[in-house]
Amino acid sequence: MDGVRRSLLLLALLCPALGSCRYNFVPLIPGQIEPELPARVTGAALTRDGERLVLRAQVDGPITPGFLSVAWFNGTQAIGTDSVYLDAAQRAATFELRAPDKGAYRAVLSFGGAVLRQVELYEVKP
């Protein structure tokens, strides 16, 4: 019976400590995390130059050498594809497509299998 009283007394004394607020993680302030941001397209612009569409794009961020690809669309119709090899030294690309008629043009840029950006040039209502 004396052991049961001791256990109950110990439990009664520990209950406030078990229910109180306390930090669950050690260290209390975690170390700084360095994020790895993916490659991104900056400064992409789709313009018309006479009968040609010109797309200029710049890839920033850490990149592994690979192909920057573009898929051209007029409305919902696919009208062409192209690609340029980029590496750490060559990060800018210029694509051209012959398009004599006005249209609702889109260019979708992808790098390493991931779609990065879509740029549009609407000369007519889509």
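An account of the accompanying structure is given in this report. (Residues numbered from 1 in each chain as written. Predicted model: local features only at pLDDT ≥ 70, side-chain atom pairs only at ≥ 80, totals over all residues. Heavy atoms only, no water.)

Points about the sheet that holds strand S7 (residues 114-122)
The strands making up a sheet associate through hydrogen bonds between their backbones, and the pairing can be parallel or antiparallel. Which entries qualify depends on this criterion: Here a strand pair is declared whenever DSSP counts at least two bridges between the two strands. Note on conventions: DSSP H or I runs of at least 4 residues are helices, E runs of at least 2 residues are strands, and numbering of each starts at the N terminus. Between the N-to-C directions of two axes lies an angle of 0 to 180 degrees, each axis being a line fitted to C-alpha atoms and, for a helix, fitted only over the stretch in contact.
Strand order in the open sheet made by the four strands is S4-S3-S6-S7, with antiparallel pairing throughout. Strands with a single pairing partner mark the edges of an open sheet, and in this sheet they are strand S4 (77-86) and S7. In this sheet, neighbouring strand axes are inclined to one another by 20 degrees on average, regardless of whether the strands run parallel or antiparallel. Bridge analysis of strand S3 (residues 66-74) against strand S6 (residues 104-111) gives seven bridges, and the strand direction is antiparallel. Following the sheet pairing, Asn74 is matched in S6 by Tyr105.

Looking at the sheet that holds strand S2 (residues 52-60)
Spatial strand order, S1-S2-S5: three strands in an open sheet with antiparallel pairing. The open sheet has two edge strands, strand S1 (40-49) and strand S5 (92-98), and neither has a second partner. Averaged over all neighbouring strand pairs, the angle between strand axes comes to 15 degrees, with direction disregarded.

A look at the environment of Asp60
Test applied: Contacts are residue-level and defined by heavy atoms, with any inter-residue pair within 4.5 Å sufficient.
Secondary-structure assignment places Asp60 in strand S2. Linking Asp60 and Thr42, residues 18 residues apart in sequence, is a C-alpha distance of 6.7 Å. Discounting chain neighbours no more than four positions away, the residues touching Asp60 are Pro38, Ala39, Arg40, Thr42 and Arg91.

Things to note about the pattern of salt bridges
Cut-off, in case you're wondering: The rule for a salt bridge is simple: a side-chain nitrogen of Lys or Arg has to be within 4 Å of a carboxyl oxygen of Asp or Glu. In this scheme, a residue with accessible area under 20% of its type's maximum is buried, one over 50% is exposed, and one in between is partly exposed, where area comes from a 1.4 Å probe on protein chains only.
In this structure the tally under the stated criterion is four salt bridges. One salt bridge connects Asp49 with Arg52, and the closest N-O pair in it is separated by 2.5 Å. The partly exposed category is assigned to Asp49, whose relative accessible area is 42%. Across the pair Arg98 and Glu51 runs a salt bridge, and its minimum N-O distance is 3.4 Å. In this pair, Arg98 sits in strand S5 while Glu51 sits in the loop between S1 and S2, placing the two residues 47 residues apart along the sequence.

Concerning the side chain of Arg106
To be explicit about the condition: Only four residue types enter the tally: Lys and Arg on the positive side, Asp and Glu on the negative side, with His and both chain ends excluded. We define a polar contact as two N or O atoms separated by no more than 3.5 Å, with the added condition that, inside protein, one atom must be a possible hydrogen donor and the other a possible acceptor, whereas residues neighbouring each other in sequence contribute only through side-chain atom pairs.
Mapped onto the elements, Arg106 comes out in strand S6. Of the buried charged residues, Arg106 lacks a salt bridge, with Glu120 as the closest side chain of opposite charge at 5.5 Å. Within polar-contact distance, the side chain of Arg106 engages the backbone oxygen of Gly75 at 3.0 Å. A distance of 3.4 Å separates a polar atom in the side chain of Arg106 from a polar atom in the side chain of Gln118. When sequence neighbours within four positions are dropped, the list of residues in contact with Arg106 reads Ala71, Trp72, Phe73, Gly75, Thr76, Gln118, Val119, Glu120 and Tyr122.

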